[in-house]
Structure formats: structure tokens, C-alpha cells
Amino acid sequence: MNHDFEDMGPVDYLVIEFPGNRMTGEGFPLLLDLVDRGIIRVLDLLFVRKDIDGSIVALDLRELDVHGGFDLSVFEGSSSGLLGQDDLDEAGAVLERGSSAGILVYENLWAAPLARALRRGGAQLVADGRVPVQALLASLDAAEAQTAGEAAP
């Protein structure tokens, strides 16, 4: 096993849709802050657009029109080679026509020491997942409604 891999934290990915190709750039300074503070390391950052005819087109960071004037060139060259055309096509398949998306693959640097210790002890990740905020809110609303129903006379 490669020594560099042994030192890595967990790697995650996100596909973030920008409906109507409206990219405000509001989140990009926060992404850069996460990198600057050593919380994450960007392995890949790519953008795709799903045209009205359903075709998927890879976008060049320099060509993106980001409102607010945020310069995306700071992320230029963020490519580990992990993402292939099949990944771009899969991301494009979940997009609405006329929308674009950012595909971000990142290492969780904050978790690297824990991951290293667990690997040294022989542990391995066998499952992971994420709870969408919408599901969390729905669960909290349901619990609140149940509590309110039990309190009613």
C-alpha cells in the first residue's frame, strides 16, 4: 500500500447544481477558506453544463461567468485524474436541462490523523453516507409534531 495513501484523510465528492446556469460565486470564497485553513484539500474541481438538448459539456474555469467577480482561476489545475468522462456524464444525468454543476472531490484533512490511527490498528471503512439537510429538517418537524400531539389534551 502506498505511503501517501496511508496518510490521507477520507475523500468525498459533491455535485452542486446551479439552476439556470446562475452561479453567484458566493460559496467560492468559503471553499478557498477551507483550503487555506487546512480543513480540506481540493483534489478535483470541474464544471459541466447540461444544454437544453440534454448534451453534457465540460466547462473551462476561465470561461465561467461568476457574478460578484470572484476569480475561479485559483482552482485552475485542481485535477487529480480521479474524474473521468463517465463521472461527468453521471453528474450531468442528475442535472436539469439548462443548468450547470460543479463537481468537487476533496480530502478531509481534518480527519487524516484519525484515519491514519484507525488504519494502523487494522480498521477499514465499510460504509459511509450523508444525511441531506432536507431529511434532517423533515425528521425534526415530524418529531416536533408528534411531541405537540402528545401534549395536546
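Only a predicted model underlies this, so the values are computations on that prediction, with no experimental measurement involved.

Definitions and limits used
- Residues numbered from 1 in each chain as written.
- Predicted model: local features only at pLDDT ≥ 70, side-chain atom pairs only at ≥ 80, totals over all residues.
- Heavy atoms only, no water.
- Helix = DSSP H or I, 4+ residues; strand = E, 2+ residues; numbered from the N terminus.
- Buried < 20%, exposed > 50% of the residue type's maximum accessible area, 1.4 Å probe, protein only.
- Contact = heavy atoms within 4.5 Å.
- Areas by Shrake-Rupley, 256 points an atom, 1.4 Å probe, with all protein chains shown as cover.
- Pairing = 2+ DSSP bridges.
- Axes fitted to C-alpha atoms, helices over the stretch in contact; angles between N-to-C directions.
- Salt bridge = Lys/Arg side-chain N within 4 Å of Asp/Glu carboxyl O.
- Polar contact = N/O pair within 3.5 Å; in protein donor to acceptor, adjacent residues only side chain to side chain.

Turning to the overall build of the protein, a few remarks are in order. A tally of regular secondary structure across the protein gives five helices and four strands. Going from N to C terminus, the protein has its helices and strands arranged as α-β-α-β-β-α-β-α-α. Put simply, the protein has 153 residues, and 27% of those count as buried. Contacts spanning at least 24 positions in sequence make up 83% of the contacts within the protein whose residues lie at least 6 apart. On the protein, roughly 10,200 Å² of surface is accessible, and the fraction owed to carbon and sulfur atoms is 56%.

Right, let's talk about unusual backbone geometry for a bit. Although it is not a glycine, asparagine 21 sits at a positive phi angle of roughly 60°. Counting through the fold element by element, asparagine 21 comes out in the loop between strand S1 (11–18) and helix H2 (28–36).

Now for the sheet that holds strand S2 (residues 40–50). One open sheet holds the four strands; their spatial order is S1-S4-S2-S3, and the pairing between them is antiparallel. Among the strands making up the open sheet, the edge pair consists of S1 and strand S3 (56–59). Here the average twist between neighbouring strands, direction ignored, is 25°. One ladder, built from ten bridges, connects S2 with strand S4 (residues 99–108); its direction is antiparallel. Residue pairing in the sheet places arginine 49 in a bridge with serine 100 of S4.

Once that is clear, we can look at the environment of proline 19. Structurally, the position occupied by proline 19 is in the loop between S1 and H2. Between the C-alpha atoms of proline 19 and leucine 95, which are 76 residues apart in sequence, the distance is 8.4 Å.

Overall, the coordinates contain four salt bridges when judged by the stated rule. Arginine 41 is the partner of glutamate 107 in a salt bridge, and the nearest nitrogen-oxygen pair spans 2.6 Å. Taken together, the positions of glutamate 107 in strand S4 and arginine 41 in strand S2 put the pair 66 residues apart, joining distant regions of the chain. Residue glutamate 107 is classed as buried on the basis of its relative accessible area of 3%. A salt bridge links arginine 49 to aspartate 51, with the shortest nitrogen-to-oxygen separation between them at 2.6 Å.

Before going further, it helps to spend a moment on the side chain of aspartate 12. Assignment of secondary structure puts aspartate 12 in strand S1. Within the structure, aspartate 12 has its side chain in polar contact with the side chain of asparagine 108 (distance 2.9 Å). If sequence neighbours within four positions are ignored, aspartate 12 has contacts with Leu104, Val105, Tyr106, Asn108, Asp128 and Arg130.

Quick look at the pairing of S2 now. Of all eleven residues making up S2, eight are buried, and the element is well covered by its neighbours. Here S2 pairs with S3 via four bridges, running antiparallel. Its bridge partner lying in S3, valine 48 is registered against alanine 58. Two successive antiparallel strands, S2 and S3, enclose a turn made up of five residues, where glycine 54 displays a positive phi of approximately 95°.

Quick look at the side chain of glutamate 107 now. Polar contacts involving the side chain of glutamate 107 include one to the main-chain amide nitrogen of glycine 9, which spans 2.7 Å. Non-local contacts of glutamate 107, meaning those with residues more than four positions away in its chain, are made with Asp7, Met8, Gly9, Pro10, Val11, Ile39, Ile40, Arg41 and Leu43.

Distances and angles like these do not, on their own, reveal function.
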